[in-house]
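Remarks on the overall topology
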Amino acid sequence: MNGDDPRIELSGERRQVTALFYDIVGSTEMLERSDPEDFSNIVSVFHRTAMAIIQENNGYLHQELGDGGCSYFGYPMQFEDAAEKAVRAALALVERCGRPRKGREPGVKLRVGVATGMVVISADGREIIGTAPVLAARLQAEAHPNSIFVSDSTYQLTRGSFEYGFIKHARLKGFSEPVPLWQVSGTRSGQDRFSISRRPEAPLQGRSAELGVLRRAWGKACSGRGHSLVIVGDGGIGKSRLVAELRREIGMNNSGEERVLQCHLRLTNRPLHPLLNYLETLLGSEALIERDASAFCDRLAAIGISVSKEIARPLVAFAAAKTRQATGYLQSSDKSARRFREQVIAAAAELLFVFADSKPQLLVFEDVHWADSMTSELIDRLSEGCRNRAMLIVATSRRLAAGNDDRERFSTTVRLSGLTAGAMTDLLVSLWKGPLPAGLAQFILDKSDGVPLFAEELAMFLQRRAAAGTTAADWNNLLNKSGITSLNDLLSARLSDVGNTRRTAQLASVIGREFGMSFLTRLLGPEKAVDNTDAELTELVAHGILETKTSAQGTIYRFRHSLLQEAAYASLLRTDCRQMHTRIAGLLTGGESTGMAHELAAWHCAQAGMHLDAAAYATKAAEACMIRSAMSEADTLLTMAEEQLARVSKRQKKTELQLDVLELRGVVSAALSGEGSQQTRRIYERALSIYRKQGGGDPGRRFALYWGWWFTAPNVTAQRARAQTLLNDMGEAQDPEVRLQSFHCAWATNFNAAQHEFCLSCVAKGLELYDAGRALRNRTIYGGHDAKVCGLGEKALSLSFMEDLPGSERAIKACLSAAEETDHVGSLLHALYYAVVQGRCQGRHDDVLRLTNRMKDLADRHSMAASRAKADMFGGWAEALSGSFEAGIRRFHEGLGLQEKIGTDDNISIQLDMQSELLERAGLRAEALNALERGVAESVKGGQFFWLPELYRRRAKLRAADGANPAATRRDLKRAYDMAFKQGAFALAKRAQSDLRDLEAGSTAR
Ligand SMILES: Nc1ncnc2c1ncn2[C@@H]1O[C@H](COP(=O)(O)OP(=O)(O)O)[C@@H](O)[C@H]1O
Ligand SMILES: [Mg+2]
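Owing to the predicted nature of the structure, the values given are computational and were not obtained by experimental measurement. (Residues numbered from 1 in each chain as written. Chains lettered and ligands numbered in written order. Predicted model: local features only at pLDDT ≥ 70, side-chain atom pairs only at ≥ 80, totals over all residues. Heavy atoms only, no water.)

What about the environment of Ser 34?
- Along the polypeptide, Ser 34 turns up in the loop between α1 (27-33) and α2 (36-56).
- Taking the C-alpha atoms as reference points, Ser 34 and Pro 806, separated by 772 residues in sequence, lie 109 Å from one another. (Helix = DSSP H or I, 4+ residues; strand = E, 2+ residues; numbered from the N terminus.)

Below you can see the structure in the form of structure tokens.
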């Protein structure tokens, strides 16, 4: 073994093993005292004995080292009780090697060290690398003569079976923290390994067909034809057990690696929690929060997995991005969140695929009925991608998710129903101490419906009651007397049977299905000594209520079944329950680091009646979801936050938090139900009225609310009023960026309203405040484009309407080049759109065609549907009028269709005008007129006036062509002229004027 030789080929596997190191005490003195031949004899007998003991306990002698050796348990063959086997072997070593030889000579004294942990095994099996062997060697060196020192991990795994004494915390070479030393003093008495309460895993009964399906799927996966499979059935029916059987087989014949990703009831709103928890367990909790992709890669490399930074980066960024500081304001128009989400899912899938490069992988997603939406997407992606890889994906679920898609998510569905009578009898025989009473199997089958967890619990219940009787009537009586009608009752009864330790189980159940000893002791602090808790946990493990698992953070306790945890929780007195939640909330709000997920923290605070804290945690969790574009989870959390806020007493200050919640709600609602939806608008209106009523403070802090309020205004008229409020309120804002953004709102709205002079002055004032550095982030937030690009584009349009053509040309050039400089797609598309509109308004078909082609390419490459729709409408219009009419019309309609689908008609007046022009060209004059009428009506109604004079002018001409009398035509044209003139839109006024002249000249045709 070699702990730090970097040259070793690490492409082997990783798994948990227990290392056992042993060495003869004082061998040099022995050599000095005895004849060299005798000595070598002693040593070789010793080696033979040691080898035999190790093999008897299913261990593997890796190497003899002088007068000692190192061996492993759990490798090459995997055993669930490998640590226990190792300690047994250690005890046997000390005992048997210490026996006097040839009746007289004293035996040898040994020092033994045992440690459990993850190791990497080189491809050829010769090198085993990890802390377990290093620690075992150090423990061996520390051990007293004829004693066995074990690591904390080994102690935790085996303390139900052996007696231990705590020696001390020792500083050991190579370990930065002091390491606890435990000495084994013997086997634990009174613990029959096969006693029913200890609950060893009973052999699997029945399920041969289902196991066959799993085995075949695994076989196929091993040959590179990956597969995904879901096991569906009620809680306790045996889903996890079935998977465990396959996992055990894979371990036994070493045909691949298995990983379990667990979904949690209280974390269904935490994006990707099963994978993140898994990585934490694998690499330690700091691995992901370091925010450093190369550190993450290094940690993976240390356990033999090499992934690229491209894979690591999004994952680390995802895990780390937690707070508002990291993200700034959010807006739904920011498509980058959605892209980020997709990137993260892709990276997560790639990471898991990398595992499959070296060994076939069994990837288990446990309890996907609690999966969050990103995890569901990840599973879909894995199911797709595993088809040509050595990977089997198995999900377990209490129900088949609704919807058609879900039926197709997995290639195979395995439905579990109750065990058959035969299998049930076998299960009971294997569990029951002594001969099974006649009729019991049938009785239990009837009661339990074949659900194995129910059957197990019922059998244990009856067996614990010595006086249970022998007939179904007796058993029924007993159940009735004890008030047991359901599995839940049975589980609670079992908790009662463990006596005083029950309370510890109940209190622990408040934390969740899994918990660490140190967190529990912190919670129990006031009422219990650490030693007691420790002993009680051991007892609960012995009774099969809890089980342990090791992780990079140490030992974790876990309720053996989630139903057990639920039963323990349900059986807690309400006052106790609330008190525990209050203690947990106290730890959380007291600023202690608990590493607890915010969604869970929110739940604890809510249960503790600390509603303001609960709302604050839910809000934080929601924000974290939003950054990850997990909008429906965010929505649920924000609803929770609002519910909690509603329960906050009047005296408490909650307005700030309420505004935070509404601010996030606006973004989520816009993403889920559309920016223009009533719901979104109401949220902003409510938020702003709360804020403006409250008054005080720098309004710039709440700019996001203002922006949302402005953005969701129902029409241009309302938007203009809101823009004015923004300018007024933000005039006092300290942050220049906020003032710039309020000008941004104002110029956009005022251009629409044909207030060209005002638009230009807003652009001029706003751009003075422009800061390229700040723009970097804000362009993804406010409108999805750069403010400078927008200002210059709007300027180009206003100048064009005002007939300053050279000025307009300069502005559009500056706009395009500013956009190129940003290298930001949203800004580039925005600039191109201004150039297109400018070309359209000036009737330059060729330019429009050229520009829209570029726009289309860019939009397609970046999946920007709204821009694609615009490119097609304007491009189609230009093509129809200057090139191929048919092709142009087709393109225009494609664009229109897409726009209707995504619902972004922000330029309705020009759009209907183009449509009418095309209809007119097609000879459909009535329809053309109709489109214009609609255009006029919509523009007037909404307050979009910049193109209205043009609509009036064209309507007048169409009506004239239809035979309207010249006086009416003149009136319409005059109206167009007056309006344009008043707007300062001289370009449009000129057109109306020229038409009027033509009319005077007696010719209306053109
Ligand atoms: N076929 C079986 N043979 C023996 N024991 C079983 C079988 N199926 C389930 N069990 C036992 O029943 C209990 C519940 O099973 P589990 O797999 O945890 O249920 P699920 O995952 O469906 O909720 C466990 O103790 C398990 O060992
Ligand atoms: Mg399960």
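Notes on helix α46 (residues 986-1000)
- Taking 1.5 Å as the rise per residue, α46 with 15 residues should run 21 Å; its terminal C-alpha atoms sit 20 Å apart, in good agreement.
- Of the positions making up α46, those classed as buried are Ala 987, Leu 988, Ala 989, Ala 992, Asp 995, Leu 996 and Leu 999.
- Packing partners of the buried residues in α46 comprise α36 (787-801), α44 (948-961) and α45 (966-983).
- Looking one or two residues beyond α46, the residue adopting positive phi is Gly 1002, at roughly 85°. (Expected span 1.5 Å × (residues − 1). Buried < 20%, exposed > 50% of the residue type's maximum accessible area, 1.4 Å probe, protein only. Contact = heavy atoms within 4.5 Å.)

Quick notes on unusual backbone geometry
- A cis amide bond links Tyr 75 to the next residue, Pro 76, at an omega of -5°.
- Looking at the element boundaries, Pro 76 is found in the loop between β3 (68-73) and α3 (82-98).
- Positive phi is not limited to glycine here, since Arg 207 has a value of about 60°.
- With respect to the secondary-structure elements, Arg 207 resides in the loop between β8 (179-187) and α6 (208-222).
- On the basis of relative accessibility, which here comes to 10%, the residue Arg 207 falls in the buried class.
- Unusually for a residue other than glycine, Leu 272 sits at a positive phi of about 65°.
- Along the chain, Leu 272 turns up in the loop between β10 (257-262) and α8 (273-283).

Here we look at the domain arrangement of the protein chain
- In terms of domain boundaries, the protein chain breaks down into domain 1 (12-187), domain 2 (207-415), domain 3 (421-485) and domain 4 (726-840).
- Here the C-alpha centre of domain 4 lies 74 Å away from the C-alpha centre of domain 1. (Domains from an automatic or database assignment.)

Remarks on the packing of α45 against α46
- Where α45 meets α46, the closest approach of the two axes is 8 Å, and the angle between their N-to-C directions is 160°. For the element pair α45 / α46, the angle class is roughly antiparallel. Along this stretch, α45 crosses α46, giving a crossing that reads as left-handed. The residues of α46 that touch α45, namely those facing Pro 966, Thr 969, Arg 970, Leu 973, Lys 974, Ala 976, Tyr 977, Ala 980 and Phe 981, are Phe 986, Leu 988, Ala 989, Ala 992, Gln 993, Asp 995, Leu 996, Leu 999 and Glu 1000. (Axes fitted to C-alpha atoms, helices over the stretch in contact; angles between N-to-C directions. Parallel < 35°, antiparallel > 145°, perpendicular 65-115°, else oblique. Left-handed = near helix turned anticlockwise from the far one by under 90°.)

Remarks on the pattern of salt bridges
- Evaluated as defined, the whole model comprises 53 salt bridges.
- In this structure, the salt-bridge partner of Arg 96 is Glu 56, at a minimum N-O distance of 3.2 Å. Linking Arg 96 in helix α3 with Glu 56 in helix α2, this pair joins segments that are 40 residues apart in sequence.
- For Arg 96, a relative accessible area of 27% corresponds to the partly exposed category.
- One salt bridge in this structure joins Asp 995 and Arg 953, with 2.7 Å as the shortest N-O distance. Taken together, the residues span a long stretch of sequence, with Asp 995 in helix α46 and Arg 953 in helix α44 at a distance of 42 residues. An identical accessibility class is assigned to Asp 995 and Arg 953; each is buried.
- Here the residues in one salt-bridge network are Glu 656, Asp 660, Glu 663, Arg 701 and Arg 702, joined through shared partners. (Salt bridge = Lys/Arg side-chain N within 4 Å of Asp/Glu carboxyl O.)

Quick notes on the sheet that holds β10
- Taking strand neighbours across the sheet as the criterion, the five strands line up as β10-β11-β12-β9-β13 in an open arrangement whose pairing is parallel. Since the sheet does not close on itself, it has two edges, and those belong to β10 and β13 (412-415), each with one partner. Averaged over neighbouring strand pairs, the angle between their axes works out to 20° when direction is ignored.
- Here strand β9 (residues 227-232) runs beside β13; their pairing, made up of four bridges, is parallel. Within β13, the residue paired with Val 230 across the bridge is Thr 413. (Pairing = 2+ DSSP bridges.)

Digging into the packing of aromatic side chains
- The full count for this structure, using the stated rule, is 20 aromatic pairs.
- With a centroid separation of 5.8 Å and 70° between ring planes, the pair formed by Phe 751 and Phe 801 is classed as edge-to-face. One end of the pair, Phe 751, is in helix α33 (residues 736-752); the other, Phe 801, is in helix α36, with 50 residues separating them in the sequence. With respect to class, Phe 751 is no different from Phe 801; both count as buried.
- Judged by centre distance (5.8 Å) and plane angle (65°), the ring pair of Phe 981 and Phe 986 falls under edge-to-face.
- On the basis of relative accessibility, which here comes to 46%, the residue Phe 981 falls in the partly exposed class.
- Chaining the aromatic ring pairs together yields one cluster made of Phe 703, Trp 707, Trp 710 and Phe 711. (Phe/Tyr/Trp six-rings, centres within 6.5 Å; stacked < 30°, edge-to-face > 60°.)

What about the side chain of Ser 448?
- On the secondary structure map, Ser 448 appears in helix α17 (residues 440-448).
- Within polar-contact distance, the side chain of Ser 448 engages the backbone oxygen of Ile 444 at 2.7 Å.
- Discounting residues that sit within four places of it in the chain, Ser 448 has contacts with Met 424, Phe 454 and Ala 455. (Polar contact = N/O pair within 3.5 Å; in protein donor to acceptor, adjacent residues only side chain to side chain.)

Here's the deal with the environment of Gly 74
- Relative to the elements of secondary structure, Gly 74 occurs in the loop between β3 and α3.
- In this structure, the C-alpha to C-alpha distance between Gly 74 and Thr 485, residues 411 residues apart in sequence, is 42 Å.
- Those residues in contact with Gly 74 that lie beyond four places of it in its chain are Arg 15, Gln 16, Val 17, Phe 79 and Ala 82.

Things to note about the nonpolar core
- Of all hydrophobic cores here, the largest spans 205 residues; its most connected members are Ile 231, Leu 462, Phe 515 and Trp 747.
- Counting residues in hydrophobic clusters, the runner-up holds 53 residues, among them Leu 283, Cys 297, Ala 349 and Ala 356. (Core = buried A, V, L, I, M, F, W, Y, C linked by side-chain atoms within 4.5 Å.)

Focus: the confidence of the model for the protein chain
- For the protein chain, mean pLDDT is 87; residues scoring 70 or higher make up 93% of the total.
- Every residue in residues 323-334 is under pLDDT 50, and counting partners more than four places away or in other chains gives 37 contacts. (pLDDT = per-residue confidence, 0-100.)

Some points on helix α31 (residues 703-711)
- By the criterion of burial, α31 is predominantly enclosed, with eight of the nine residues buried.
- Within α31, burial applies to Phe 703, Ala 704, Leu 705, Tyr 706, Trp 707, Gly 708, Trp 709 and Trp 710.
- If you follow the buried residues of α31, they end up packed against α29 (655-673), α30 (678-694), α32 (716-730) and α33.

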